[in-house]
Amino acid sequence: MLSGRYFHFRPVLTVFAALGLAILVSLGMWQLKRLQWKLGLIEKVEQRLDAAPVSFEEAVRRAEVGEDMEYVPVRFSGRINQVDSARVFGSYEAAPGYYYFAPVKGQSGRSVYVNFGFVPQSLSKFRLFEESSAKMAAMQVTGLFRAAEQPSPPASWFRSVEQSADGLWFVRNPSRFAQSTGVETVPYYIDSFAMEGREWPMGGTTRLDFNNRHLEYALTWFGLAATLIGVWCAFSLPRR
């Protein structure tokens, strides 16, 4: 009894309220887990950015035995292959364009796809080097070690892993690029640092500022859960 009103248990209302409460609390707990993951990611990236680069081959070996090598600075030397380059749709500072990936063949004979950076949409016929350039002989790349992109739901429901009609890719996955060209590569790539004296592609565009609003989202879900409890209590009290 509350202020002359008696509590009246409503089975159907209670069932739906319990289901809604379970969903809202689960979403809140999921956001708290995401918060911890995001804080760990930010701390990891901050610690690794200033480290001296290791060889790409060493990074691959360590990654294949289970070590987390994401965002570790690496270096790699080889010969670039522009014929088998890949363009991955994207944007930079709200400008549409693509990210220019090209395989660089090392001394072992295996190639590594390198994300040389962002190219605006207006440069659709972009080439990194002219075929006659002496720079085609060899080059050294430094950048960040990255694993192939594997979108998870719901992003994977809307992003195609195949090429579009005009040759654009939508997922940064060197294994997919290699399947269409026959290049022998590994499921990792390098996000190149900016190249001095070169405007395009614009290197050094790896996203390192991570939006962290998970605590806010968690409090929102828990607040909705509390509101639902209040609504359930209100409707469980009969009108006078």
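A brief structural summary. (Residues numbered from 1 in each chain as written. Predicted model: local features only at pLDDT ≥ 70, side-chain atom pairs only at ≥ 80, totals over all residues. Heavy atoms only, no water.)

1. Some remarks on the overall build of the chain
This is how it is decided: The secondary structure listing takes helices from DSSP runs of H or I that are at least 4 residues long and strands from runs of E that are at least 2 residues long, numbered from the N terminus. Burial status follows relative accessibility: with a 1.4 Å probe on protein chains alone, a residue under 20% of its type maximum counts as buried, one over 50% as exposed, and anything between as partly exposed. Contact between two residues is taken to exist if any of their heavy atoms lie within 4.5 Å; hydrogens are not considered. Where accessible areas are quoted, they stem from the Shrake-Rupley method and a 1.4 Å probe; at the residue level, only the protein chains shown are allowed to cover.
Helices and strands together make up the secondary structure of the chain, namely five helices and eight strands. Counting over 240 residues, the chain shows a buried share of 36%. Pairs at least 24 apart in sequence give 66% of the contacts found in the chain among residues at least 6 apart. When the accessible surface of the chain is totalled, it reaches about 14,600 Å², and 57% of it is carbon and sulfur.

2. With respect to the packing of aromatic side chains
The criterion, for reference: Within 6.5 Å between ring centres, the rings of Phe, Tyr and Trp (the latter by its six-membered ring) count as paired, and their orientation is classed by plane angle as stacked under 30 degrees, edge-to-face over 60, tilted in between. To sit over a ring, a charge needs its Lys NZ or Arg CZ within 6 Å of the ring centre and within 35 degrees of the ring normal.
Enumeration according to the criterion identifies eleven aromatic pairs in this entry. Arranged with centres 5.5 Å apart and planes meeting at 45°, the rings of F56 and F145 form a pair that is tilted. Within this pair, whereas F56 is found in helix α2 (residues 56-64), its partner F145 is found in strand β6 (residues 139-147), the two being separated by 89 residues in sequence. An identical accessibility class is assigned to F56 and F145; each is buried. Ring geometry for Y100 against F116: centres 6.4 Å apart, planes inclined by 50°, an arrangement best described as tilted. In this pair, Y100 sits in strand β4 (residues 95-105) while F116 sits in strand β5 (residues 111-120), placing the two residues 16 residues apart along the sequence. Each member of the pair, Y100 as well as F116, carries the same accessibility label: buried. Lying across the ring of Y98, R87 places its NZ or CZ 5.4 Å from the centre. The ring of Y99 carries R172 above its face, with NZ or CZ at 4.4 Å from the centroid.

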